Amino acid sequence: MTARERVAREGASGRPTINDIARLAGVSKKTVSRVINESQFVKEDTRSAVQAIIRDTGYVPDPQARGLAFRRSFLVGLIYDNPNAQHTIDHQQGLLEAMAGTGFELVVRRVDRTSPTLVEDMRAFIERQKLFGVVLPSPVSEEERLVSLLKALDRRYVRISSTPLDQPDRMVVSHDGKGAAQAAHHLAGLGHRRIGLISGQEGRRSSSVRMRGFEEGLAEHGLVLDQALVRRGAYTYESGVVAARELLALEPRPTAIFCLNDEMAAGAYLAAREQGLSVGGDISIVGFDDAPIASRLWPTMTSVRLPLRQMGRIAGEMLTSDGLSEASPTPREIVPELIVRNSTAAAI
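Residues numbered from 1 in each chain as written. Predicted model: local features only at pLDDT ≥ 70, side-chain atom pairs only at ≥ 80, totals over all residues. Heavy atoms only, no water.

Participant: How would you explain empty space enclosed by the protein if you had to name every residue and give the values?
Facilitator: Empty space among the atoms becomes visible once a probe the size of a water molecule is rolled across them. If you walk through the whole model with that rule in mind, you get two cavities of 30 Å³ or more. Estimates place the volume of the largest cavity at around 170 Å³. Lining the largest cavity are 19 residues, with Asn82, His87, Ser138, Arg204 and Arg210 sitting closest to its centre. Of all the elements in the fold, those that place two or more residues in the lining of the largest cavity are α6 (85-99), β4 (156-161), α10 (205-219) and α14 (308-320). Here the second largest cavity defines a volume of roughly 30 Å³. Lining the second largest cavity are Tyr80, Asn82, His87, Thr88, His91, Pro137 and Ser138. The element best represented in the lining of the second largest cavity is α6, accounting for three residues. Grouping the constituent residues of the lining of the second largest cavity by class yields two nonpolar, five polar and no charged. (1 Å grid on protein atoms, 1.4 Å probe; cavity = no way out; pocket = protein on both sides within 12 Å on 5 of 7 lines; lining within 4 Å. Points joined across faces, edges and corners; volume = space filled by probe spheres on them. Helix = DSSP H or I, 4+ residues; strand = E, 2+ residues; numbered from the N terminus. Nonpolar A, V, L, I, M, F, W, Y, C, P; charged D, E, K, R; others polar.)

Written out as structure tokens, the structure is:
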């Protein structure tokens, strides 16, 4: 009979506990705790026996209980507010990769940046969960109120943003403007001169940074972004449809549209097809992020690749390593890369 079967037969409810492991191994809870925490004060044969029972039962230590034993927490928070679910999923995957095998666990919490009780809610969340530290992706990373709260609570944090916002050892910087400039070079190089742009939400730093980078890229080719060809989006598919419809209704219409994320670019695909225009033929469309949707649409979408998963992994490594207490000379920097596919072609 396996240890797991013995636990079930002897009436233990739910998942195995440290008490079950101690009883099956014939040792004290303190000895089991020492094995889990890799203490040197355990005989090797006892260690091997306890570890075998842990494997057989599938026992997983409670991170909060383990934190009490170490007098520290093993919970990391990911606090986000982003209408693009793919961003959060990618950051989360990267964080989980960074924490694999470290004993840290991830707690994910969505917030509303506009809430008047944001700081109070986050104070209660952080204290209730006894978080070791927090990762703040864009746009939450722009909330200085949260940063001040984390400092007051003496919690570690790492911010992910398109531009530097903090001391270098607290930042992962994605340099979105450089990626947008690559999109401008690409479209200008294809001969496009009447170029539309669909921006992101007002007040979002990433939107202003990407737009400014695109304008700077155009300027290197002697071009100026016509403000009459700029429409406000909200980083959502639906806002991309509405904005692209307006741009494509102009006379003359733009020959290319740069969208500040892939969701809005996908919406622009629909607007083009509603008017009988071929994407990559009659109209060129470029997105930003290189989310999975970019390679699944037809024609496949030219997009600026933002390695969100890598950024999450870097943030996780920074947060859970001892290196966070030592200032780094520069922020951890990511440079986006333009991925050229079939949604762009020479201007007609």
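Participant: Tell me about the packing of aromatic side chains, and name the residues and values.
Facilitator: Following the criterion strictly, the structure yields three aromatic pairs and no others. A network of ring pairs unites the aromatic residues Phe74, Phe104 and Phe132 as a single cluster. Lying across the ring of tyrosine 157, arginine 170 places its NZ or CZ 4.7 Å from the centre. Above the face of the phenylalanine 288 ring, arginine 210 is positioned so that its terminal group lies 3.9 Å from the ring centre. (Phe/Tyr/Trp six-rings, centres within 6.5 Å; stacked < 30°, edge-to-face > 60°. Lys NZ or Arg CZ within 6 Å of the ring centre and 35° of its normal.)

Participant: Before we move on, can you summarise the packing of helix α7 (residues 118-129) against helix α8 (residues 144-152) with the specific residues and values?
Facilitator: Working note: a packed helix pair is described by the angle between its axes plus the distance between those axes. Packing of α7 against α8 leaves a shortest axis separation of 10 Å and a crossing angle of 35°. Crossing handedness for the pair α7 and α8: right-handed. Residues Leu118, Val119, Met122, Arg123 and Ile126 of α7 form the contact with α8, whose own contacting residues are Arg145, Leu146, Leu149 and Leu150. Residues that form the contact of α7 with α8 fall into these classes: seven nonpolar, no polar and two charged. (Axes fitted to C-alpha atoms, helices over the stretch in contact; angles between N-to-C directions. Left-handed = near helix turned anticlockwise from the far one by under 90°. Contact = heavy atoms within 4.5 Å.)

Participant: So, helix α4 (residues 44-57): which residues are in play, and what are the values?
Facilitator: With 14 residues, α4 extends 20 Å from end C-alpha to end C-alpha; this agrees with the ideal 20 Å at 1.5 Å per step. When we look at burial in α4, the residues that qualify are Arg47, Val50, Ile53, Ile54 and Thr57. The buried residues of α4 all sit within an arc of 130° when viewed along its axis, so they share a single face. Exposed side of α4, more than 90 degrees from the buried face: Glu44, Asp45 and Arg55 are the residues found there. (Expected span 1.5 Å × (residues − 1). Buried < 20%, exposed > 50% of the residue type's maximum accessible area, 1.4 Å probe, protein only. Arc of directions from axis to C-beta.)

Participant: Describe in detail the sheet that holds strand β7 (residues 230-232), supporting the description with residues and values.
Facilitator: To summarise the sheet geometry, strands pair through backbone hydrogen bonds and adopt either a parallel or an antiparallel arrangement. Read across the sheet, six strands follow the order β7-β6-β8-β9-β10-β12 without closing on themselves; strand pairing throughout is mixed. Bordering the open sheet on either side are β7 and β12 (337-339), each of which pairs with just one other strand. On average, adjacent strands in this sheet sit at an angle of 20° to one another, irrespective of strand direction. Along the sheet, helix α9 (residues 176-189) contacts β6 (195-199), β8 (256-259), β9 (284-289), β10 (302-305) and β12; its crossing angle with β9, the most-contacted strand, is approximately 165°. On top of the sheet, helix α11 (residues 237-248) reaches β6, β7 and β8; it is set at about 155° to β6, its chief contact. (Pairing = 2+ DSSP bridges.)

Participant: A description of the nonpolar core should follow, citing residues and the corresponding values.
Facilitator: Within the largest apolar cluster, 63 residues are counted, with the highest numbers of intra-cluster contacts made by Val172, Phe214 and Phe258. Take this core: its biggest share by element is seven residues, from helix α12 (residues 262-274). Of all hydrophobic cores here, the second largest spans 18 residues; its members include Leu75, Val111, Ile126 and Leu150. (Core = buried A, V, L, I, M, F, W, Y, C linked by side-chain atoms within 4.5 Å.)

Participant: A description of the sheet that holds strand β1 (residues 75-80) should follow, citing residues and the corresponding values.
Facilitator: Judged by pairing direction, the sheet is parallel, and its six strands sit side by side in the order β2-β1-β3-β4-β5-β11 without closing on themselves. For this open sheet the edge positions go to β2 (105-110) and β11 (332-333), each flanked by a neighbour on one side alone. Across three bridges, β4 lies against strand β5 (residues 171-173) in parallel orientation. Note that in β5 the partner of serine 161 across the bridge is valine 173. Packing of α14 onto the sheet brings it into contact with β1, β3 (133-136), β4, β5 and β11, and relative to β4 it is tilted by some 160°.

Participant: Explain the pattern of salt bridges residue by residue, including any values.
Facilitator: The tally for this structure, following the rule as stated, stands at 15 salt bridges. Here glutamate 142 makes a salt bridge to arginine 113, at a shortest N to O gap of 3.8 Å. Remark: arginine 113 occurs in the loop between β2 and α7 and glutamate 142 occurs in the loop between β3 and α8; sequence separation between them is 29 residues. As far as burial versus exposure is concerned, glutamate 142 and arginine 113 are alike and both buried. (Salt bridge = Lys/Arg side-chain N within 4 Å of Asp/Glu carboxyl O.)

Participant: How would you sum up the confidence of the model for the chain? Please name residues and give values.
Facilitator: It should be kept in mind that the predicted coordinates are not to be read in detail where pLDDT is low. For the chain, the mean per-residue pLDDT works out to 87, and 88% of the residues sit at or above 70. Segment residues 67-71 is flagged for pLDDT under 50; beyond a separation of four residues in sequence, or across chains, it makes five contacts in the model. Counting interchain partners and residues more than four positions distant, the pLDDT-below-50 stretch residues 323-329 has twelve contacts. (pLDDT = per-residue confidence, 0-100.)

Participant: Please provide a residue-by-residue account of α10, values included.
Facilitator: For α10, with 15 residues, the first-to-last C-alpha span of 21 Å sits near the 21 Å given by 1.5 Å per residue. Of all the positions in α10, only Ser206, Ser207, Val209, Arg210, Met211, Gly213, Phe214, Gly217 and Leu218 are classed as buried. Each element contacted by the buried residues of α10 is listed here: α9, β6, β7, β8 and β9.

Participant: Describe the packing of helix α3 (residues 29-36) against α4, listing the residues and the values that go with them.
Facilitator: Where α3 meets α4, the axes come as close as 10 Å, and the angle between the chain directions of the two elements is 85°. The orientation of α3 with respect to α4, classified from their angle, is roughly perpendicular. Facing Thr31, Val32, Val35 and Ile36 of α3, the residues of α4 in contact are Thr46, Arg47, Val50, Gln51 and Ile54. Classifying every residue of the contact of α3 with α4 by side-chain character gives five nonpolar, three polar and one charged. (Parallel < 35°, antiparallel > 145°, perpendicular 65-115°, else oblique.)

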